[in-house]
Amino acid sequence: MAANRRRTPVDPRHRRTLVAGGTALLAVVSVQAYGSASGAAAATTLTVAKDGSGQYSTVQAAVNAIPAGNTARVVVSVKPGTYRETVKIPSTKQNVTLQGSGPSRNDTVIVYNNASGTQKPDGSGTYGTSGSATVAAEGNGFQARNLTLSNDFDEAANQNMSGLQAVALRTAADKVFLDSVIVTGDQDTLLLDTASKATLGRVYMVNSYVVGNVDFIFGRASAVIDKSVITLKKRWNGSSAGYIAAPSTAAGRKGFLINSSTVNGDVSGASFYLGRPWHAGGDASLDPMATFRNTNLSAAIRSAPWTDMSGFSWKDDRFAEYKNTGPGAGAASSDRPQLSDAQATAQETADWLDGWTPSAS
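From a predicted model like this one, the values you see are computed outputs, not experimental measurements. (Residues numbered from 1 in each chain as written. Predicted model: local features only at pLDDT ≥ 70, side-chain atom pairs only at ≥ 80, totals over all residues. Heavy atoms only, no water.)

We now examine the overall build of the protein. Along the protein, the regular secondary structure elements total four helices and 23 strands. Across the 361 residues in the protein, those meeting the buried criterion constitute 52%. In the protein, the proportion of contacts linking residues at least 24 apart, taken out of those at least 6 apart, comes to 73%. In the form shown here, the protein has an accessible surface area of approximately 14,300 Å², with 48% of it arising from carbon and sulfur atoms. (Helix = DSSP H or I, 4+ residues; strand = E, 2+ residues; numbered from the N terminus. Buried < 20%, exposed > 50% of the residue type's maximum accessible area, 1.4 Å probe, protein only. Contact = heavy atoms within 4.5 Å. Areas by Shrake-Rupley, 256 points an atom, 1.4 Å probe, with all protein chains shown as cover.)

Have a look at this one:
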């Protein structure tokens, strides 16, 4: 069967600009100079353009130019176009921003098609799920805005492959700010992780789109998805079935908070779960957590919206809703736990961010 054609989500706010005057560039005050061998200070905004009109023609080349140990904010401003490459921001390069410079987040696209089971070119094995990411951000303070991050791995053409998970964006850092982006794929689209099980990793995503079908928001980060759209996709064979969230939260940590958002998509009614518990590696000490609150749920959501995973019961972990609306919402029951008003006061965005105020700087 032919693969489903991917549709870029229509953005009703596609003319939104980030600063007055219509420019999409972020003003940056340099607090750390770096530059050429001659010692001349380079700009803290690095430009990327496929046509050669920027300082670099690939996004990774711009990231490579940032010196190891950097802690100053550096904006990699990417001109409109489709950049077919993988990008990695290592942990040694903090406070890096990837930013599209076009009028719409649809104008600048970073895309690749590695999957978990894809063989590495050097013959050393397969990429694995985390290694399949089109963009991997491991440096604290990473930001992305006004662009699309995509993994367009073709599941239909690779049904004989073991490992169809294909990540568009992987974060493994603290104080990650994702603003006005589209993150799109199929299975395992958005991996919100931490550097280690013992390490805190806070993520704040706002005014954005996440698109996928199976466990497509997953990982162990303490992450808020706020005022965004979660778009459900059909599977490679045209069927409707899937799971939105698969948290693997460490005990005592916050998991995923989906707040004041919308869940929609061209899929069948009652075919998607809100989520299930991912005990990565069979780790019984994990305590997966996901809360959907003040969110509009389409009819695609099942009336019993949580389910078990790999032998672990969702009822032994932390899954709840609060004041959701729409045809996919439902009343409290044993299959549908709802927070009380008192409980909800401890599950606000500020509780997740824990003293951190995300800002475009």
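Our next topic: the nonpolar core. One finds L232 and I244 to be the most contacted residues of the largest nonpolar core, which totals 56 residues. In terms of residue count, strand β10 (residues 176-184) provides more of this core than any other element does, four residues in total. Formed by nine residues, the second largest nonpolar core is a distinct cluster that contains Y204, L257, M289 and W352. (Core = buried A, V, L, I, M, F, W, Y, C linked by side-chain atoms within 4.5 Å.)

Quick look at the sheet that holds strand β9 (residues 169-172) now. Pairing is parallel in the open sheet, where seven strands are placed in the order β4-β7-β9-β11-β14-β17-β20. Either end of the sheet is taken by a strand with one partner, and the two such strands are β4 (87-89) and β20 (272-275). Neighbour to neighbour, the strand axes of the sheet diverge by 10° on average, direction disregarded. (Pairing = 2+ DSSP bridges. Axes fitted to C-alpha atoms, helices over the stretch in contact; angles between N-to-C directions.)

So, about the pattern of salt bridges. On inspection of all chains with the given rule, the structure shows 14 salt bridges. With a shortest N-O distance of 3.1 Å, R318 and D287 are connected by a salt bridge. Linking R318 in strand β23 (residues 318-322) with D287 in the loop between β20 and β21 (289-293), this pair joins segments that are 31 residues apart in sequence. Each member of the salt-bridge network shares a partner with another, and the members are K88, E138 and R170. (Salt bridge = Lys/Arg side-chain N within 4 Å of Asp/Glu carboxyl O.)

What follows concerns the packing of aromatic side chains. Tallying each qualifying case throughout the model produces five aromatic pairs. Both rings, one in Y243 and one in Y273, keep their centres 5.4 Å apart while their planes meet at 5°; by these two values the pair is stacked. Of the two residues, Y243 is situated in strand β17 (residues 242-247) and Y273 in strand β20; the sequence distance between them amounts to 30 residues. In this structure Y243 comes out as partly exposed when scored by relative accessible area, which is 21%. Three or more aromatic residues link up through ring pairs in this structure, and these residues are F292, W306 and F319. (Phe/Tyr/Trp six-rings, centres within 6.5 Å; stacked < 30°, edge-to-face > 60°.)

Positioned with a positive phi, D215 is a non-glycine residue whose angle comes to about 50°. You can see D215 is positioned in strand β14 (residues 214-219). With a relative accessible area of 6%, D215 lands in the buried category. Although it is not a glycine, D354 adopts a positive phi angle of roughly 50°. For D354, the location among the structural elements is in the segment after α4 (349-353).

To continue, consider the side chain of T108. Relative to the assigned elements, T108 resides in strand β6 (residues 108-112). Residue classification places T108 among the buried residues on the basis of a relative accessible area of 0%. One polar contact links the side chain of T108 to the main-chain carbonyl oxygen of V78, over a distance of 3.4 Å. Setting aside its immediate chain neighbours within four residues, T108 contacts V78, K79, P80, G81, Y83, G100, S101, G102, L147 and T148. (Polar contact = N/O pair within 3.5 Å; in protein donor to acceptor, adjacent residues only side chain to side chain.)

Within the fold, E348 resides in the loop between α3 (341-344) and α4. Assessed through its relative accessible area of 36%, E348 is described here as partly exposed. In this structure, the C-alpha to C-alpha distance between E348 and R293, residues 55 residues apart in sequence, is 9.4 Å. Residue contacts for E348: discarding those within four places in its chain leaves L257 and R293.

The next thing to look at is the pairing of strand β12 (residues 202-206). Counting buried positions over the five residues of β12 gives five, a clear majority of the element. Alternating residues of β12 divide into R202, Y204 and V206 and V203 and M205, and every residue in both groups is buried. Here four bridges tie β10 to β12, and the two strands are oriented parallel to one another. Opposite L178, over in β12, you have M205 as the bridge partner. Sheet analysis places β12 next to strand β15 (residues 222-226), joined by five bridges and oriented parallel. Its bridge partner lying in β15, M205 is registered against I225.

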